[in-house]
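Coordinates in review
Below are the chains, spelled out letter by letter.
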Amino acid sequence: MNRHGEEEISDRYGLYLDSFLIWMQDAGYSEYTERNYMSDVKQFLSTLDGQDLAECKKLQVIAYLSQARRNGASDQTRNRKHAAIHCFFKALQELELLENNPAAGIKKAKTEKNKAPVYMDEQQLTAFLQSVSGKYRERNLAIFLLMAFMGLRVGEVHGLNLGDYQPDRKTLQVFGKGRKWRTIPVPEPVAEMLSVYLEQRLTPYRRKEEAMFISQKGRRLSIRTIQQVAADSFRQYQSHLPEQMRVAYSSHKLRHSFATMLLRKGTDIRTVQELLGHASIQTTTVYTHVSNREKEEAMTRLDVKLPKLRSNRR
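Just so you know, the residues in each chain are numbered from 1, in the order the chain's sequence is written. Residue-level local features of this predicted model are given only where pLDDT is at least 70; pairs of side-chain atoms are given and counted only at 80 or more, and the full residue set underlies all totals for whole chains, interfaces and linings. In computing side-chain values, all of the structure's heavy atoms are included and hydrogens and water are not.

1. Some words on the overall build of the chain
A tally of regular secondary structure across the chain gives 13 helices and 3 strands. Relative to its full complement of 314 residues, the chain shows a buried share of 39%. Within the structure as shown, the chain displays about 19900 Å² of accessible surface, and the carbon and sulfur contribution to it stands at 49%. His residues and chain termini do not enter the charge count, which takes Lys and Arg as positive and Asp and Glu as negative. Note on charges: their place is set at NZ of Lys, CZ of Arg, CG of Asp or CD of Glu. Across the chain, the mean location of the 50 positive side-chain charges is 8 Å away from that of the 36 negative side-chain charges. Secondary structure counts use DSSP, requiring at least four H or I residues in a row for a helix and at least two E residues in a row for a strand, with both numbered from the N terminus. To sort residues, take the accessible area from a 1.4 Å probe on protein chains only and compare it with the maximum for the residue type: under 20% means buried, over 50% means exposed, and anything in between is partly exposed. Accessible areas in this description were obtained via Shrake-Rupley with a 1.4 Å probe; residue shielding takes into account the shown protein chains only.

Here is the structure:
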């Protein structure tokens with residue numbers, strides 16, 4: 001959607017969009033979610049040709065979602081768009097601006113539930129961290145360690161403030177999803193890297209900037225910047241490999257690696273749930289996957305004794 005189209009959408013549905021934003025802010029949605037949901041909703045509204053929202057039908061929502069998939073959207077992206085539209089109409093209902101929610105009752109797209117998350121083992125993580133270079137190497141290493149060895153989400157790293165870290169106790173206060181705080185012990189190697197980074201941290205242009213991770217301009221690193229830093233670092237790490245052999249690593253895959261390492265070392269799943277900040281243990285169970293090698297090793301432990309077989313020879 002071009003700028004002219006966005007202006008038309010804002011003019012026609014401005015009250016609803018402003019109300020939705022206020023509703024999300026009051027509900028505690030992250031800026032990242034707010035931005036994505038607003039983008040999805042505006043895209044949907046552009047298909048209504050100025051129609052009154054009170055007249056919007058479920059068929060129009062389904063048609064939009066179907067078109068998104070035909071345009072190449074994955075099942076996960078399609079479901080996010082559905083969640084955004086559903087949230088939009090739910091907000092307008094709660095704010096008494098609309099009576100109906102045409103996105104309610106629409107089934108989610110089936111995703112690959114049994115597909116194992118992409119992750120790195122400890123040897124790969126070590127090699128990846130050793131490959132990190134550049135002007136902001138210490139800062140970036142500190143970020144990667146927080147995700148790979150403490151399980152932080154990108155948004156949680158983005159939101160960290162200097163006061164959230166207690167170096168004497170080696171603990172970190174993390175503000176996560178659902179507006180919930182959790183306390184995470186900081187492993188010694190991570191504490192060492194944080195200490196190195198904080199000694200080199202630039203003096204912010206704004207005196208009141210309390211963000212732990214800041215840019216060259218002294219401002220809090222955005223989520224997008226953190227994701228890009230990770231993407232660039234993974235690209236460098238795999239630069240020696242042919243294109244077809246490179247793995248689609250991302251910043252979130254470091255969190256996957258953290259969860260997988262803990263579970264493979266026998267950590268109780270409830271403890272992993274607490275460290276990751278999952279509201280439901282069902283979300284944590286996705287990390288209990290096993291590799292083909294582990295399956296093969298398990299099978300070799302079976303003591304199978306066959307009865308004496310008859311010979312086919314006469």
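Next comes the rest of the description.
2. A word on the nonpolar core
What is meant by a nonpolar core is a set of buried Ala, Val, Leu, Ile, Met, Phe, Trp, Tyr and Cys residues, joined one to another through side-chain atoms within 4.5 Å. Phe144, Leu172 and Phe213 are the most contacted members of the largest nonpolar core, which has 50 residues in total. Every element with two or more residues in this core is listed here: helix H5 (122-131), helix H6 (137-148), helix H7 (154-159), strand S2 (171-176), helix H8 (188-200), helix H9 (223-237), helix H10 (251-264) and helix H11 (269-276). The element best represented in this core is H6, accounting for 8 residues. With residues up to four places along the chain from it excluded, the contact list for Leu172 reads Leu146, Met150, Leu152, Leu160, Asp164, Tyr165, Gln166, Arg182, Thr183, Ile184, Val186 and Met212. Trp23, Cys56, Cys87 and Leu92 belong to the second largest nonpolar core, which has 28 residues in total. Should any heavy atoms of two residues lie within 4.5 Å, those residues are counted as being in contact.

3. Comments concerning the sheet that holds S2
Taken in spatial order, the 3 strands make up an open sheet running S1-S2-S3, and their pairing is antiparallel. Among the strands making up the open sheet, the edge pair consists of strand S1 (165-166) and strand S3 (180-185). The criterion for strand pairing is that DSSP finds at least two bridges linking the strands in question. Pairing of S1 with S2 involves 2 bridges; the strand directions are antiparallel. Counted as the bridge partner of Tyr165 is Leu172 from S2.

4. Some words on unusual backbone geometry
Of note in the backbone geometry, Asp49 takes a positive phi value of approximately 55° without being a glycine. You can see Asp49 is positioned in the loop between helix H2 (31-45) and helix H3 (58-70). Note on Asp49: relative accessible area 72%, which makes it exposed. The backbone of Lys170 sits at a positive phi, close to 55°, despite the residue not being glycine. Its place among the elements puts Lys170 in the loop between S1 and S2.

5. A look at helix H4 (residues 75-94)
With 20 residues, H4 ought to run about 28 Å at 1.5 Å a step, and its terminal C-alpha atoms sit 28 Å apart, in line with that. Among the residues of H4, those classed as buried are Arg78, Asn79, Lys81, His82, Ala84, Ile85, Cys87, Phe88, Phe89, Ala91 and Leu92. With its phi angle positive at about 60°, Glu96 sits one or two positions after the end of H4. The length a helix should cover is 1.5 Å for every residue beyond the first.

6. Thoughts on the side chain of Lys81
Mapped onto the fold, Lys81 is located in helix H4. At 3.1 Å, the side chain of Lys81 and the side chain of Asp40 are in polar contact. Distance and chemistry together define a polar contact, namely a pair of N or O atoms within 3.5 Å, with one atom able to donate a hydrogen and the other to accept it when in protein, and with adjacent residues in sequence counting only for side-chain atoms on both sides.

7. Quick notes on the pattern of salt bridges
We define a salt bridge as a contact between a side-chain nitrogen of Lys or Arg and a carboxyl oxygen of Asp or Glu at a distance within 4 Å. In this structure the tally under the stated criterion is 10 salt bridges. Measuring nitrogen to oxygen at the nearest pair gives 3.7 Å for the salt bridge that ties Glu188 to Lys170. Of the two residues, Glu188 is situated in helix H8 and Lys170 in the loop between S1 and S2; the sequence distance between them amounts to 18 residues. When its relative accessible area of 42% is taken as the criterion, Glu188 is described as partly exposed. Counted as one network, the salt bridges with shared partners bring together Asp40, Arg80 and Lys81.

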